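Examining the three-dimensional arrangement
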Amino acid sequence: QVQLVESGGGLVQAENSLRLSCAASGRTFSSYGMAWFRQAPGKEREFVAGISKSGINTYYRDSVKGRFTISRDNAKNTMYLQMNSLKPEDTAAYYCAADRNSQYFATMVSSYEFWGQGTQVTVSS
């Protein structure tokens, strides 16, 4: 089992940047496929980016390609989401997710067993 804690959210103006972190407990972090999801008020939770256990492979939703970068440091048990050129439509609660059996291109909420509590990102125009 793994526990996940997100941090790094906040209020920023459009075109600025934020870096989210997801710290994981335990000594088997590298055994988990990881991903970032987001959920805006009144909307369903949606996939943002996924990363393989080794960190070599990544996958993004179209609307964030070229702006967001997912990465992980298995030595630090931490995953990151660097978000550049933020837009008001990126406003949402951002969640990290983990699962031993998920591939980096798994985009469904049901593909992930473990979730963090979320961190709010608000982008003003």
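Every residue gets a number counted from 1 within its own chain, in the order that chain's sequence is written. In keeping with the predicted nature of the model, local features appear solely for residues at pLDDT of at least 70, side-chain atom pairs appear and are counted solely at 80 or more, and the whole-chain, interface and lining totals rest on all residues. Just so you know, side-chain values use all the structure's heavy atoms and leave hydrogens and water out.

**Regarding the overall build of the protein chain**
Helix and strand labels come from DSSP, where a helix needs a run of H or I of at least four residues and a strand needs a run of E of at least two; each type is numbered from the N terminus. When helices and strands are counted, the protein chain shows 0 helices and 11 strands. Listing the helices and strands of the protein chain from first to last along the sequence gives β-β-β-β-β-β-β-β-β-β-β. Taken over the C-alpha trace, the protein chain has a radius of gyration of 13 Å; the compact-globule value for 125 residues is 14 Å, and the two agree within 12%. Exposure categories follow from relative accessible area, calculated using a 1.4 Å probe and restricted to protein chains: below 20% of the type maximum is buried, above 50% is exposed, and the middle band is partly exposed. Within the span of the protein chain, comprising 125 residues, buried residues form 43% of the whole. Contacts are residue-level and defined by heavy atoms, with any inter-residue pair within 4.5 Å sufficient. Long-range pairs, those at least 24 residues apart, make up 59% of the contacts in the protein chain between residues at least 6 apart in sequence. Positive and negative charge centroids in the protein chain, built from 13 and 10 side chains respectively, lie 5 Å apart. Atoms counted for the radius of gyration: C-alpha only. Globule rule: 2.2 Å times residue count to the power 0.38. Charged residues are defined here as Lys and Arg on the positive side and Asp and Glu on the negative side; His and the ends of the chain fall outside this count. The atoms used to mark charge sites are NZ of Lys, CZ of Arg, CG of Asp and CD of Glu.

**Examining the sheet that holds strand S7 (residues 68-73)**
Should DSSP find at least two bridges between two strands, the strands are taken to pair. Taken in spatial order, the 4 strands make up an open sheet running S1-S3-S8-S7, and their pairing is antiparallel. Where the open sheet ends on each side, the last strands, each with one partner, are strand S1 (4-7) and S7. Averaged over all pairs of adjacent strands, the angle between strand axes in this sheet comes to 15°, irrespective of strand direction. In this sheet, strand S3 (residues 18-24) lies alongside S1 in antiparallel orientation, the contact comprising 4 bridges. Bridge pairing links Val 5 to Ala 23 in S3. Only C-alpha atoms enter the line fits that serve as axes; for helices the fit covers just the stretch in contact. Angles between N-to-C directions range over 0 to 180 degrees.

**Quick look at the nonpolar core**
Judged by nonpolar contacts, the single largest core of 29 residues is most densely connected at Leu 4, Met 34, Trp 36, Met 79, Leu 81, Met 83 and Tyr 94. Counting only elements with at least two residues in this core, the list comes to S3, strand S4 (33-39), strand S5 (46-51), S7, strand S8 (78-83), strand S9 (92-99) and strand S11 (119-124). Each residue touching Met 34, except ones within four places of it in the same chain, is listed here: Leu 4, Cys 22, Phe 29, Gly 50, Ile 51, Arg 72, Met 79, Ala 97, Ala 98 and Tyr 112. For this analysis, a nonpolar core means a set of buried residues of the types Ala, Val, Leu, Ile, Met, Phe, Trp, Tyr and Cys, connected via side-chain atoms within 4.5 Å.

**Remarks on the packing of aromatic side chains**
Side-chain rings of Phe, Tyr and Trp, where Trp is taken by its six-membered ring, are said to pair if the distance between their centres is within 6.5 Å; with planes under 30 degrees apart they count as stacked, over 60 as edge-to-face, and otherwise as tilted. A full pass over the atoms with the stated rule returns 7 aromatic pairs. Summarising the aromatic geometry, the rings of Tyr 32 and Phe 114 are spaced 6.0 Å apart at their centres and angled 75° between planes, so their arrangement reads as edge-to-face. You can see Tyr 32 sitting in the loop between S3 and S4 and its partner Phe 114 sitting in strand S10 (residues 114-115), a full 82 residues away along the chain. Summarising the burial analysis for this pair, Tyr 32 and Phe 114 share the class buried. Plain terms: the ring middles of Tyr 104 and Phe 105 are 5.0 Å apart, the flat faces sit at 80° to each other, and that makes the pair edge-to-face. Overall, Phe 105 belongs to the partly exposed group, its relative accessible area being 45%. Cluster of aromatic residues (ring-pair linked, three or more members): Phe 37, Phe 47, Tyr 59, Tyr 112 and Trp 115. As a reminder, the over-ring test applies to NZ of lysine and CZ of arginine, requiring each to be within 6 Å of the ring centre and within 35 degrees of the ring normal. The lysine or arginine in question, Arg 45, covers the ring of Tyr 95, its NZ or CZ lying 3.7 Å from the ring centre.

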